[in-house]
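Analysis of the macromolecular model
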Amino acid sequence: IAFFKAGAIDAALDMSSRLSEIGAFNCGESARLFFNLTFCKAHRAIILSKGGLNHIERMINCGPKPNTGGGYGYKALLSTAKALFMLASASECRPAIAAHKGMEKLLEQLLSHESTEVRERGGGVVRELARDATTKSIVQGWAGVCSEVRQGLLARDDTTRAREAYKALFGTDRPT
């Protein structure tokens, strides 16, 4: 908490606004710092109010290119996906996440990523957004996200979050 109060979120947000300057290692560290800050539920709404979703968008779209073999780009993407999941876990954050311009495309990227770990976090975000009627109806209108959950790579994953995302979004168990 002291780290948060000392400006850690501002530092993480600042780093993501300078991705081309800070290099892959620092980008990964910035993503990990941001993810760690999302652990405290009381901080999540504050993180959103300071531009946390813009940070997530920059990290996914502009961060170092990830691969599934590890590396800083992958670690940055996975930490960012985990942070988005943590934010979506807080009911007070869901409306802002669903309303964020570009969230549909960001989720499509996570749900179709070659890494099961990244897809699983994307599925967790879908599941969390589908917990509330208002945000669920928004996500159900995102054709690309629905397609990924229904028949994309996530649909082939045998993970709890993949199955739960399907059930939360469509109201039935996933066909086998």
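Presented here is an overview of the structure given in this document. What you see as residue numbers is a count from 1 along each chain, following the sequence as written. This being a predicted model, a pLDDT of at least 70 is required before a residue's local features are given, and a value of 80 or more before pairs of side-chain atoms are given or counted; all residues contribute to the totals for chains, interfaces and linings. The basis for every side-chain value is the complete set of non-hydrogen atoms in the structure, without hydrogens or water.

**Observations regarding the side chain of threonine 38**
Only DSSP runs of H or I reaching four residues or more are called helices, and only runs of E reaching two or more are called strands; each is numbered from the N terminus. As for its position among the elements, threonine 38 is in the loop between α3 (19–37) and α4 (41–49). Among the polar contacts made by the side chain of threonine 38, one reaches the main-chain carbonyl oxygen of phenylalanine 35 at a distance of 2.6 Å. Contacts are assigned to residue pairs with any non-hydrogen atoms lying within 4.5 Å of each other. Contacts of threonine 38, omitting those with residues within four sequence positions, involve Arg44, Ile47, Ala83, Met86 and Leu87. Polar contact is the term for a pair of N or O atoms within 3.5 Å; when the atoms are in protein, one must be able to donate a hydrogen and the other to accept it, and sequence-neighboring residues count only if both atoms are side-chain atoms.

**Describing the packing of helix α11 (residues 143–151) against helix α13 (residues 160–170)**
To obtain an axis, a line is fitted to C-alpha atoms, over the contacting stretch when the element is a helix, and the angle between two such axes runs from 0 to 180 degrees between their N-to-C directions. Where α11 meets α13, the closest approach of the two axes is 9 Å, and the angle between their N-to-C directions is 130°. Compared by their axis directions, α11 and α13 come out oblique. Relative to α13, α11 is oriented so that their crossing is left-handed. Taking contact as the criterion, the partners of Cys146, Val149 and Arg150 in α11 are, on α13, Ala165, Tyr166, Leu169 and Phe170. Note on residue categories: nonpolar means Ala, Val, Leu, Ile, Met, Phe, Trp, Tyr, Cys or Pro, charged means Asp, Glu, Lys or Arg, and polar means any other residue, Gly included. Residue composition of the contact of α11 with α13, grouped by class: six nonpolar, no polar and one charged. Oblique is the label for any angle not under 35 degrees, not over 145, and not in the 65 to 115 range, which are roughly parallel, roughly antiparallel and roughly perpendicular in turn. The handedness criterion is simple: a crossing whose near helix is rotated anticlockwise from the far helix by less than a right angle is left-handed, and one whose near helix is rotated clockwise is right-handed.

**A closer look at the nonpolar core**
As used here, the term nonpolar core means buried Ala, Val, Leu, Ile, Met, Phe, Trp, Tyr and Cys residues forming a set that is joined through side-chain atoms within 4.5 Å. For every residue, the accessible area obtained with a 1.4 Å probe (protein chains only) is divided by the maximum for its type, and the residue is called buried under 20%, exposed over 50%, and partly exposed between those limits. Formed by 47 residues in total, the largest nonpolar core has its most connected members in Phe34, Leu84, Ile97, Leu107 and Val126. Looking at this core element by element, the count peaks at ten residues for helix α6 (residues 71–88). When neighbours within four sequence positions are excluded, valine 126 is seen to be in contact with Leu107, Leu111, Val139, Val145, Val149, Ala165 and Leu169.

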